[in-house]
Amino acid sequence: MAKYAKENGFGMSVATVLLSPMKVLSTGQQILDYVDDGNIDQNAGYNHWVYNTNAVRGQVSEDISNSWAGGVGSFLYQTGMSVGDSAMNTLATGGNKALSLSLMGAGAFANTVVSAKDRGMSDEQALGLGVVSAGAEILTESFSYDKLFGAKDIGKAAGKKATTSVGKYIASNITTNTLEELGAEGINFAADVIIAKDKSQWQDSINQYKKLGKSDSEAWKLAFRDAAWQFAQAAAGGALAGGMMSGPSSVFVRSKISSIGSENSKNADSIIANGLAQSKDSGAYKSAVKLSNKKSVPLSPNILKF
(Lines give C-alpha, C1' and ligand atoms only; values in the text may rest on other atoms or scores of the structure.)
Protein backbone atom coordinates (compact mmCIF):
# COMPACT_ATOMS: atom_id res chain seq x y z
CA MET A 1 0.00 0.00 0.00
CA ALA A 2 2.86 2.34 0.80
CA LYS A 3 4.39 1.55 -2.59
CA TYR A 4 1.15 2.37 -4.38
CA ALA A 5 0.87 5.57 -2.34
CA LYS A 6 4.38 6.60 -3.38
CA GLU A 7 3.35 6.21 -7.01
CA ASN A 8 -0.08 7.81 -6.70
CA GLY A 9 -0.32 9.71 -3.44
CA PHE A 10 -3.39 11.73 -4.34
CA GLY A 11 -5.50 8.84 -5.57
CA MET A 12 -4.57 6.57 -2.69
CA SER A 13 -5.24 9.32 -0.14
CA VAL A 14 -8.70 9.92 -1.60
CA ALA A 15 -9.35 6.18 -1.42
CA THR A 16 -8.54 6.13 2.31
CA VAL A 17 -11.05 8.91 2.90
CA LEU A 18 -13.78 7.18 0.91
CA LEU A 19 -13.19 3.95 2.83
CA SER A 20 -12.76 5.52 6.27
CA PRO A 21 -16.26 4.46 7.48
CA MET A 22 -15.19 0.84 6.97
CA LYS A 23 -13.03 0.98 10.09
CA VAL A 24 -16.19 0.14 11.98
CA LEU A 25 -15.67 -3.41 10.66
CA SER A 26 -12.25 -3.55 12.31
CA THR A 27 -13.77 -2.39 15.59
CA GLY A 28 -16.52 -5.00 15.48
CA GLN A 29 -14.11 -7.81 14.68
CA GLN A 30 -11.65 -6.75 17.36
CA ILE A 31 -14.39 -6.96 19.99
CA LEU A 32 -15.74 -10.26 18.66
CA ASP A 33 -12.23 -11.70 18.53
CA TYR A 34 -11.64 -10.83 22.17
CA VAL A 35 -15.04 -12.17 23.27
CA ASP A 36 -14.39 -15.41 21.34
CA ASP A 37 -11.00 -16.41 22.75
CA GLY A 38 -9.79 -13.55 24.95
CA ASN A 39 -7.18 -12.45 22.42
CA ILE A 40 -6.84 -9.74 19.79
CA ASP A 41 -4.58 -10.41 16.83
CA GLN A 42 -3.48 -7.04 15.49
CA ASN A 43 -2.21 -8.78 12.35
CA ALA A 44 -5.57 -10.36 11.54
CA GLY A 45 -7.05 -9.50 8.16
CA TYR A 46 -9.88 -7.43 9.62
CA ASN A 47 -7.38 -4.81 10.75
CA HIS A 48 -6.31 -4.02 7.20
CA TRP A 49 -8.73 -1.07 7.21
CA VAL A 50 -6.45 0.50 9.82
CA TYR A 51 -3.06 -0.63 8.54
CA ASN A 52 -3.74 0.24 4.90
CA THR A 53 -4.82 3.77 5.81
CA ASN A 54 -1.81 4.25 8.08
CA ALA A 55 0.57 2.93 5.42
CA VAL A 56 -0.82 5.20 2.71
CA ARG A 57 -0.98 8.35 4.78
CA GLY A 58 2.33 7.67 6.44
CA GLN A 59 4.04 7.34 3.07
CA VAL A 60 2.39 10.41 1.54
CA SER A 61 3.10 12.44 4.66
CA GLU A 62 6.76 11.40 4.53
CA ASP A 63 7.02 12.27 0.84
CA ILE A 64 5.51 15.69 1.46
CA SER A 65 7.81 16.27 4.42
CA ASN A 66 10.82 15.47 2.26
CA SER A 67 9.65 17.82 -0.47
CA TRP A 68 9.72 21.61 -0.62
CA ALA A 69 6.55 21.69 1.52
CA GLY A 70 8.39 20.19 4.49
CA GLY A 71 6.80 19.64 7.89
CA VAL A 72 4.15 22.30 7.31
CA GLY A 73 2.95 20.54 4.20
CA SER A 74 2.85 17.22 6.03
CA PHE A 75 0.84 18.80 8.85
CA LEU A 76 -1.64 20.32 6.39
CA TYR A 77 -1.98 16.94 4.65
CA GLN A 78 -2.73 15.07 7.87
CA THR A 79 -5.24 17.72 8.92
CA GLY A 80 -6.92 17.55 5.52
CA MET A 81 -7.22 13.78 5.81
CA SER A 82 -8.83 14.13 9.23
CA VAL A 83 -11.33 16.64 7.87
CA GLY A 84 -12.02 14.32 4.95
CA ASP A 85 -12.71 11.42 7.28
CA SER A 86 -15.19 13.46 9.32
CA ALA A 87 -16.94 14.67 6.19
CA MET A 88 -17.11 11.15 4.77
CA ASN A 89 -18.55 9.72 7.98
CA THR A 90 -21.19 12.45 8.00
CA LEU A 91 -22.00 11.82 4.34
CA ALA A 92 -22.18 8.05 4.85
CA THR A 93 -24.79 8.46 7.59
CA GLY A 94 -26.85 11.05 5.74
CA GLY A 95 -25.97 13.67 8.33
CA ASN A 96 -27.38 11.69 11.25
CA LYS A 97 -25.48 12.98 14.27
CA ALA A 98 -25.62 9.82 16.38
CA LEU A 99 -24.49 7.56 13.54
CA SER A 100 -21.79 9.98 12.40
CA LEU A 101 -20.33 10.20 15.89
CA SER A 102 -20.56 6.42 16.24
CA LEU A 103 -18.48 5.95 13.09
CA MET A 104 -15.92 8.47 14.34
CA GLY A 105 -15.74 6.71 17.68
CA ALA A 106 -15.38 3.32 16.01
CA GLY A 107 -12.51 4.62 13.89
CA ALA A 108 -10.74 6.00 16.97
CA PHE A 109 -11.28 2.68 18.77
CA ALA A 110 -9.82 0.59 15.94
CA ASN A 111 -6.79 2.86 15.49
CA THR A 112 -6.03 2.93 19.21
CA VAL A 113 -6.35 -0.83 19.72
CA VAL A 114 -3.98 -1.58 16.84
CA SER A 115 -1.50 1.04 18.02
CA ALA A 116 -1.62 -0.26 21.59
CA LYS A 117 -1.04 -3.85 20.49
CA ASP A 118 1.84 -2.77 18.27
CA ARG A 119 3.39 -1.13 21.35
CA GLY A 120 3.29 -4.45 23.17
CA MET A 121 0.29 -3.88 25.44
CA SER A 122 -2.02 -6.57 26.69
CA ASP A 123 -5.43 -7.07 25.13
CA GLU A 124 -7.08 -5.58 28.22
CA GLN A 125 -4.91 -2.47 28.05
CA ALA A 126 -5.54 -2.11 24.32
CA LEU A 127 -9.31 -2.43 24.77
CA GLY A 128 -9.27 -0.01 27.68
CA LEU A 129 -7.44 2.61 25.66
CA GLY A 130 -9.75 1.93 22.72
CA VAL A 131 -12.85 2.56 24.82
CA VAL A 132 -11.42 5.79 26.24
CA SER A 133 -10.34 6.98 22.80
CA ALA A 134 -13.77 6.25 21.30
CA GLY A 135 -15.51 7.97 24.20
CA ALA A 136 -13.28 11.02 23.95
CA GLU A 137 -13.87 11.22 20.20
CA ILE A 138 -17.65 11.01 20.52
CA LEU A 139 -17.82 13.42 23.45
CA THR A 140 -15.61 16.13 21.99
CA GLU A 141 -16.78 15.79 18.39
CA SER A 142 -20.40 16.24 19.47
CA PHE A 143 -19.64 19.86 20.42
CA SER A 144 -18.01 20.70 17.10
CA TYR A 145 -20.79 18.88 15.24
CA ASP A 146 -23.44 21.03 16.93
CA LYS A 147 -21.43 24.18 16.34
CA LEU A 148 -20.85 23.35 12.68
CA PHE A 149 -24.46 22.65 11.77
CA GLY A 150 -26.07 24.66 14.58
CA ALA A 151 -29.55 23.19 14.22
CA LYS A 152 -30.78 24.67 17.51
CA ASP A 153 -29.25 28.07 16.84
CA ILE A 154 -30.73 28.11 13.35
CA GLY A 155 -34.21 27.57 14.71
CA LYS A 156 -33.81 30.30 17.33
CA ALA A 157 -32.31 32.82 14.94
CA ALA A 158 -34.91 32.38 12.23
CA GLY A 159 -37.53 34.53 13.90
CA LYS A 160 -35.37 37.39 15.15
CA LYS A 161 -32.83 39.86 13.90
CA ALA A 162 -29.60 37.94 13.34
CA THR A 163 -26.32 39.76 13.10
CA THR A 164 -23.80 36.94 13.12
CA SER A 165 -21.30 37.38 10.32
CA VAL A 166 -19.49 34.68 8.39
CA GLY A 167 -16.33 35.70 10.17
CA LYS A 168 -17.90 35.21 13.60
CA TYR A 169 -19.38 31.87 12.55
CA ILE A 170 -16.03 30.58 11.31
CA ALA A 171 -14.20 31.96 14.35
CA SER A 172 -16.67 30.22 16.63
CA ASN A 173 -16.08 26.91 14.86
CA ILE A 174 -12.31 27.38 15.02
CA THR A 175 -12.48 27.99 18.76
CA THR A 176 -14.75 25.01 19.36
CA ASN A 177 -12.59 22.65 17.29
CA THR A 178 -9.43 23.86 18.97
CA LEU A 179 -10.85 23.17 22.43
CA GLU A 180 -12.26 19.87 21.21
CA GLU A 181 -8.89 18.64 19.98
CA LEU A 182 -7.16 19.79 23.16
CA GLY A 183 -9.78 18.00 25.23
CA ALA A 184 -9.45 14.76 23.28
CA GLU A 185 -5.66 14.98 23.38
CA GLY A 186 -5.72 15.52 27.14
CA ILE A 187 -8.07 12.60 27.79
CA ASN A 188 -6.07 10.22 25.60
CA PHE A 189 -2.75 11.37 27.06
CA ALA A 190 -3.96 10.79 30.63
CA ALA A 191 -5.45 7.42 29.73
CA ASP A 192 -2.22 6.33 28.05
CA VAL A 193 -0.17 7.23 31.13
CA ILE A 194 -2.61 5.52 33.53
CA ILE A 195 -3.43 2.39 31.51
CA ALA A 196 -0.27 1.77 29.48
CA LYS A 197 2.05 2.72 32.36
CA ASP A 198 5.63 1.73 31.41
CA LYS A 199 4.53 1.30 27.78
CA SER A 200 2.98 4.76 27.56
CA GLN A 201 4.29 7.23 25.00
CA TRP A 202 5.22 9.56 27.87
CA GLN A 203 7.41 6.94 29.55
CA ASP A 204 8.84 5.82 26.22
CA SER A 205 9.89 9.40 25.49
CA ILE A 206 11.65 9.65 28.86
CA ASN A 207 13.40 6.32 28.29
CA GLN A 208 14.59 7.38 24.84
CA TYR A 209 16.19 10.53 26.22
CA LYS A 210 17.85 8.55 28.99
CA LYS A 211 19.38 6.25 26.37
CA LEU A 212 20.89 9.38 24.82
CA GLY A 213 22.66 10.07 28.08
CA LYS A 214 20.25 12.58 29.60
CA SER A 215 19.73 12.70 33.34
CA ASP A 216 16.35 11.92 34.88
CA SER A 217 15.45 15.60 35.21
CA GLU A 218 16.69 16.44 31.71
CA ALA A 219 14.79 13.50 30.20
CA TRP A 220 11.62 14.56 32.02
CA LYS A 221 11.91 18.16 30.79
CA LEU A 222 12.53 17.06 27.20
CA ALA A 223 9.61 14.62 27.35
CA PHE A 224 7.43 17.42 28.72
CA ARG A 225 8.53 19.66 25.84
CA ASP A 226 7.58 16.96 23.34
CA ALA A 227 4.18 16.49 25.00
CA ALA A 228 3.57 20.24 24.93
CA TRP A 229 4.44 20.31 21.24
CA GLN A 230 2.03 17.43 20.66
CA PHE A 231 -0.75 19.40 22.37
CA ALA A 232 0.15 22.50 20.33
CA GLN A 233 -0.10 20.52 17.10
CA ALA A 234 -3.47 19.12 18.16
CA ALA A 235 -4.73 22.64 18.87
CA ALA A 236 -3.40 23.94 15.55
CA GLY A 237 -4.95 21.01 13.71
CA GLY A 238 -8.29 21.63 15.40
CA ALA A 239 -8.21 25.31 14.53
CA LEU A 240 -7.36 24.57 10.91
CA ALA A 241 -10.01 21.86 10.65
CA GLY A 242 -12.61 24.20 12.12
CA GLY A 243 -11.83 26.81 9.49
CA MET A 244 -11.81 24.29 6.65
CA MET A 245 -15.18 22.81 7.58
CA SER A 246 -17.04 25.96 8.62
CA GLY A 247 -16.26 27.90 5.44
CA PRO A 248 -18.27 25.68 3.07
CA SER A 249 -20.91 24.89 5.70
CA SER A 250 -21.67 28.59 6.18
CA VAL A 251 -23.41 28.48 2.81
CA PHE A 252 -25.59 25.62 4.06
CA VAL A 253 -26.41 27.46 7.27
CA ARG A 254 -27.40 30.60 5.37
CA SER A 255 -29.71 28.65 3.07
CA LYS A 256 -31.23 26.90 6.10
CA ILE A 257 -31.90 30.22 7.81
CA SER A 258 -33.46 31.62 4.65
CA SER A 259 -35.70 28.56 4.37
CA ILE A 260 -36.85 28.76 7.99
CA GLY A 261 -37.27 32.51 7.80
CA SER A 262 -39.32 32.24 4.62
CA GLU A 263 -41.61 29.70 6.29
CA ASN A 264 -41.97 31.94 9.34
CA SER A 265 -42.84 34.86 7.08
CA LYS A 266 -45.58 32.83 5.38
CA ASN A 267 -46.99 31.86 8.77
CA ALA A 268 -46.95 35.50 9.85
CA ASP A 269 -48.84 36.54 6.70
CA SER A 270 -51.51 33.95 7.46
CA ILE A 271 -51.83 35.11 11.09
CA ILE A 272 -52.11 38.75 10.01
CA ALA A 273 -54.76 38.00 7.40
CA ASN A 274 -56.87 36.01 9.85
CA GLY A 275 -56.50 38.62 12.58
CA LEU A 276 -57.42 41.57 10.38
CA ALA A 277 -60.58 39.75 9.37
CA GLN A 278 -61.77 39.86 13.00
CA SER A 279 -63.47 42.71 14.87
CA LYS A 280 -61.25 45.73 15.47
CA ASP A 281 -61.93 45.41 19.18
CA SER A 282 -60.77 41.80 19.29
CA GLY A 283 -57.41 40.70 20.64
CA ALA A 284 -56.71 38.85 17.41
CA TYR A 285 -57.13 42.05 15.37
CA LYS A 286 -54.86 44.07 17.67
CA SER A 287 -52.21 41.32 17.62
CA ALA A 288 -52.40 41.21 13.83
CA VAL A 289 -51.80 44.97 13.64
CA LYS A 290 -48.77 44.70 15.93
CA LEU A 291 -47.37 41.81 13.92
CA SER A 292 -47.98 43.70 10.69
CA ASN A 293 -46.01 46.68 12.05
CA LYS A 294 -43.16 44.39 13.02
CA LYS A 295 -43.03 43.07 9.49
CA SER A 296 -41.70 46.46 8.45
CA VAL A 297 -38.49 44.95 9.89
CA PRO A 298 -37.69 41.66 8.10
CA LEU A 299 -38.76 38.65 10.17
CA SER A 300 -36.35 36.30 8.44
CA PRO A 301 -32.94 37.94 8.16
CA ASN A 302 -29.96 35.87 7.15
CA ILE A 303 -27.89 34.72 10.06
CA LEU A 304 -24.82 35.00 7.87
CA LYS A 305 -24.08 38.22 6.03
CA PHE A 306 -21.78 37.84 3.05
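Residues numbered from 1 in each chain as written. Predicted model: local features only at pLDDT ≥ 70, side-chain atom pairs only at ≥ 80, totals over all residues. Heavy atoms only, no water.

**Let's talk about the overall build of the chain**
So, step 1. Assigned secondary structure in the chain consists of 12 helices and zero strands.
So, step 2. Listing every helix and strand of the chain by position from the N terminus yields α-α-α-α-α-α-α-α-α-α-α-α. (Helix = DSSP H or I, 4+ residues; strand = E, 2+ residues; numbered from the N terminus.)

**Some thoughts on the confidence of the model for the chain**
So, step 1. The predicted model of the chain has a mean per-residue pLDDT of 84, with 75% of residues at 70 or higher.
So, step 2. Note on residues 151-163: pLDDT under 50 across the span, and 28 contacts to partners over four residues away in sequence or across chains.
So, step 3. Note on residues 296-306: pLDDT is under 50 here. Beyond four places in sequence and across chains, it has 39 contacts. (pLDDT = per-residue confidence, 0-100. Contact = heavy atoms within 4.5 Å.)

**Details of the environment of V14**
So, step 1. Among the structural elements, V14 can be located in helix α2 (residues 9-18).
So, step 2. Judged by relative accessible area, V14 falls into the partly exposed class, the value being 33%.
So, step 3. Taking C-alpha positions, V14 is 9.9 Å from D85, a pair spaced 71 residues apart along the chain. (Buried < 20%, exposed > 50% of the residue type's maximum accessible area, 1.4 Å probe, protein only.)

**Description of the side chain of N47**
So, step 1. Residue placement: N47 occurs in the loop between α3 (23-37) and α4 (48-65).
So, step 2. Judged by its relative accessible area of 0%, N47 falls in the buried class.
So, step 3. Of note is the side chain of N47, whose polar atom sits 3.2 Å from the backbone oxygen of Q42.
So, step 4. In contact with N47, other than residues within four places in its own chain, are S26, Q30, D41, Q42 and V114. (Polar contact = N/O pair within 3.5 Å; in protein donor to acceptor, adjacent residues only side chain to side chain.)

**Thoughts on the packing of aromatic side chains**
So, step 1. By the definition in use, this model includes four aromatic pairs.
So, step 2. Both rings, one in F189 and one in W202, keep their centres 6.1 Å apart while their planes meet at 75 degrees; by these two values the pair is edge-to-face. On the criterion of sequence distance, the pair formed by F189 in helix α9 (residues 166-196) and W202 in helix α10 (residues 201-211) is long-range, its members being 13 residues apart.
So, step 3. Aromatic pair F189 and F231: ring centres 5.9 Å apart, planes at 70 degrees, arrangement edge-to-face. Residue F189 is located in helix α9, and its partner F231 is located in helix α11 (residues 216-276); the two are separated by 42 residues in the primary sequence.
So, step 4. Among the residues examined, F231 registers a relative accessible area of 22% and is labelled partly exposed.
So, step 5. A connected cluster of aromatic rings, assembled from ring pairs, spans F189, W202, W220, F224 and F231. (Phe/Tyr/Trp six-rings, centres within 6.5 Å; stacked < 30°, edge-to-face > 60°.)

**What about α10?**
In an α-helix, one turn spans 3.6 residues; hence positions three or four apart end up facing the same way.
So, step 1. Buried residues of α10: W202, S205, I206 and Y209, and no others. Seen end-on, α10 carries its buried residues on one side only, within an arc spanning 95 degrees.
So, step 2. Note on α10: the residue one or two positions beyond its end, G213, has a positive phi of about 95 degrees. (Arc of directions from axis to C-beta.)

**What to know about the pattern of salt bridges**
So, step 1. A full pass over the atoms with the stated rule returns six salt bridges.
So, step 2. A salt bridge links D85 to R57; its shortest N-O distance comes to 2.8 Å. One end of the pair, D85, is in helix α5 (residues 70-92); the other, R57, is in helix α4, with 28 residues separating them in the sequence. Across the pair, R57 and D85 agree in class, each one buried.
So, step 3. K117 is the salt-bridge partner of D123, the closest N and O atoms lying 2.7 Å from each other.
So, step 4. On the basis of relative accessible area, D123 is assigned to the buried category, the value being 8%.
So, step 5. Classification of K117 by relative accessible area gives buried; the value is 14%. (Salt bridge = Lys/Arg side-chain N within 4 Å of Asp/Glu carboxyl O.)

**What to know about the packing of α2 against α5**
When two helices pack together, you describe them by how their axes are tilted relative to each other and by the distance separating the axes.
So, step 1. α5 packs onto α2 with a crossing angle of 35 degrees between their chain directions and a minimal axis gap of 8 Å. Contacts from S13, T16, V17 and L18 of α2 reach α5 at Y77, M81, G84, D85 and M88.
So, step 2. Its residues assigned to classes, the contact of α2 with α5 shows five nonpolar, three polar and one charged. (Axes fitted to C-alpha atoms, helices over the stretch in contact; angles between N-to-C directions. Nonpolar A, V, L, I, M, F, W, Y, C, P; charged D, E, K, R; others polar.)

**Section: the nonpolar core**
So, step 1. I40, F109, V113, A116, M121 and L129 are the most contacted members of the largest nonpolar core, which has 13 residues in total.
So, step 2. Among the secondary structure elements, those contributing two or more residues to this core are α6 (97-118), α7 (123-149) and α9.
So, step 3. If one sorts the elements of this core by residue count, α7 sits on top with four residues.
So, step 4. M12, V60, Y77 and M81 belong to the second-largest nonpolar core, a separate cluster that totals eight residues. (Core = buried A, V, L, I, M, F, W, Y, C linked by side-chain atoms within 4.5 Å.)

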